[in-house]
Amino acid sequence: MGKIAPSILSADFSRLGEQIREVESAGADYIHIDVMDGHFVPNITIGPMIVEAAHSVTELPLDVHLMISDPDPFVDDFARAGANILTVHAETLNHVHRTIQHIRDKGVRPSLALNPATPLDVLDYILDDLDMVMLMTVNPGFEAQKFIPEVIPKIERLREEIDRRGLDADIEVDGGINPDIIGRVAKAGATVFVAGSAIFYSEDYEETIRLMRERIKDPE
């Protein structure tokens, strides 16, 4: 079964702790936290203090996505704050192996994100070192964007390569994921599904997550 990771970017920040507990009770597997710097992406969100606050109210793993231009100086801060998975963008790194090893040395699972137009060949010499690859299914920076269907063949090719190498790395998809889309990306080979507005804007978190799991299990 795939893992559902509600993105708190779509949560009500005036009651963030309550919202995190609600999606945890509804059956979420991870809590996804989007960090944006206003430079790599055209939006500014949150930092380690919110990660630390989330860590204090949930037992779920924190899946922290750094959409920032220079993530290296902040790895230690997010690790100390309680990140369990730390995703950095291939487009921002000068020395990918060094950054991924730094994340792992801090006891955090390393993940590498690729924007929709970034080719898979950037993974050729780093894939074996990753616990997860995040394929962006929208251009990053804002919530509630429309899913880019051209990423589906990219998911399929990455799944083939992971299986060919005999690796255990997850494929995470992030952007525009909802009950109507999730079956398609699951069938293509994704295993972790970030959903923000589809969950937090729904009337019943538990029912939405249940429906997503149903579509993952039977994508037809």
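**Q** Help me understand the overall build of the chain, please; the structure alone is not making it clear to me.
**A** Counting its regular elements, the chain contains eight helices and eight strands. By the compact-globule yardstick of 17 Å for 220 residues, the chain fits well, its C-alpha radius of gyration being 16 Å. Judged by the C-alpha coordinates and their principal axes, the chain covers about 45 × 40 × 30 Å. A total of 220 residues make up the chain; the buried ones form 53% of that total. Taking all contacts inside the chain whose residues are at least 6 apart in sequence as the whole, residues at least 24 apart take part in 64%. Carbon and sulfur atoms make up 47% of the accessible area of the chain, which totals about 10000 Å².

**Q** What am I meant to see in the pattern of salt bridges here?
**A** Side chains that differ in charge, positive against negative, can pair when their charged atoms come close. What the rule picks out here adds up to 16 salt bridges. Residue Glu 22 is joined to Arg 15 by a salt bridge in which the shortest nitrogen-to-oxygen separation is 3.2 Å. Given a relative accessible area of 27%, Glu 22 falls into the partly exposed group. Here Glu 207 and Arg 210 are joined by a salt bridge, their closest N and O atoms 2.6 Å apart. Pair noted here: Glu 207 and Arg 210 are both in helix H8 (residues 205-217), with a separation of three residues, about one helical turn.

**Q** Could you clarify how one ought to interpret the nonpolar core in this entry?
**A** General note: in soluble globular proteins, nonpolar side chains tend to be found buried as a group. Judged by nonpolar contacts, the single largest core of 66 residues is most densely connected at Ile 33, Val 64, Leu 123 and Phe 193. Not counting residues up to four positions away in its chain, the partners in contact with Phe 193 are Gly 2, Lys 3, Ile 4, Ala 5, Val 173, Ile 177, Ile 182, Val 185, Ala 186 and Ile 216. Listed in part, the six residues of the second largest apolar core include Ile 85, Met 132, Val 192 and Val 194.

**Q** Explain the packing of aromatic side chains to me, please; I cannot follow it from the model alone.
**A** When we look at a pair of aromatic rings, we describe it by the centre distance and by the angle of the planes. Throughout the structure, instances matching the rule amount to one aromatic pair. Judged by centre distance (5.6 Å) and plane angle (75 degrees), the rings of Phe 200 and Tyr 205 are edge-to-face. Given a relative accessible area of 12%, Tyr 205 falls into the buried group.

**Q** Looking at this model, I keep getting lost on the environment of Arg 210. Mind explaining?
**A** The partly exposed category is assigned to Arg 210, whose relative accessible area is 39%. Sequence separation between Arg 210 and Ala 26 is 184 residues, and the spatial gap between their C-alpha atoms is 8.4 Å. A polar side-chain atom of Arg 210 sits 2.8 Å from a polar atom in the side chain of Glu 214.

**Q** What is the right way to read the side chain of His 89 from this model?
**A** By the element assignment, His 89 lies in strand S4 (residues 85-89). Separated by 3.5 Å, the side chains of His 89 and Asn 115 make a polar contact. Not counting residues up to four positions away in its chain, the partners in contact with His 89 are Phe 40, His 65, Leu 66, Met 67, Leu 112, Ala 113, Asn 115, Met 136 and Pro 140.

**Q** How should I be thinking about the sheet that holds strand S5 (residues 109-114) in this particular structure?
**A** Consider a sheet: its strands pair through backbone hydrogen bonds, and that pairing is either parallel or antiparallel. Ordered in space as S1-S8-S7-S6-S5-S4-S3-S2, the eight strands form an open sheet in which the pairing is parallel. What marks the edges here is a single partner per strand, and that holds for strand S1 (3-6) and strand S2 (31-36). Each adjacent strand pair in this sheet contributes to an overall mean axis angle of 25 degrees, direction not counted. Of the strands in this sheet, S2 and strand S3 (62-67) touch helix H2 (residues 48-55), which is tilted by about 170 degrees from S3. The strands touched by helix H5 (residues 152-165) are S5, strand S6 (132-136) and strand S7 (170-174); relative to S7, the strand with the most contacts, the crossing angle is about 165 degrees.

**Q** I'm lost on H8 in this one. Help?
**A** For H8, with 13 residues, the first-to-last C-alpha span of 18 Å sits near the 18 Å given by 1.5 Å per residue. Buried within H8 we find Tyr 205, Thr 208, Ile 209, Met 212, Arg 213 and Ile 216. Along the axis of H8, the buried positions cluster into a sector of 135 degrees, meaning they face one direction only. Seen from the open side of H8, the exposed residues pointing more than 90 degrees away from its buried face are Glu 206 and Lys 217. If you follow the buried residues of H8, they end up packed against S1, helix H1 (16-25), helix H6 (182-188), strand S8 (192-195) and helix H7 (197-200). Here H8 starts with a cap whose side-chain oxygen sits 3.1 Å from the backbone nitrogen of Glu 206, and that cap is Asp 204.

Calculation criteria
Residues numbered from 1 in each chain as written. Predicted model: local features only at pLDDT ≥ 70, side-chain atom pairs only at ≥ 80, totals over all residues. Heavy atoms only, no water. Helix = DSSP H or I, 4+ residues; strand = E, 2+ residues; numbered from the N terminus. Rg over C-alpha atoms; globule rule 2.2 N^0.38 Å. Buried < 20%, exposed > 50% of the residue type's maximum accessible area, 1.4 Å probe, protein only. Contact = heavy atoms within 4.5 Å. Areas by Shrake-Rupley, 256 points an atom, 1.4 Å probe, with all protein chains shown as cover. Salt bridge = Lys/Arg side-chain N within 4 Å of Asp/Glu carboxyl O. Core = buried A, V, L, I, M, F, W, Y, C linked by side-chain atoms within 4.5 Å. Phe/Tyr/Trp six-rings, centres within 6.5 Å; stacked < 30°, edge-to-face > 60°. Polar contact = N/O pair within 3.5 Å; in protein donor to acceptor, adjacent residues only side chain to side chain. Pairing = 2+ DSSP bridges. Axes fitted to C-alpha atoms, helices over the stretch in contact; angles between N-to-C directions. Expected span 1.5 Å × (residues − 1). Arc of directions from axis to C-beta.

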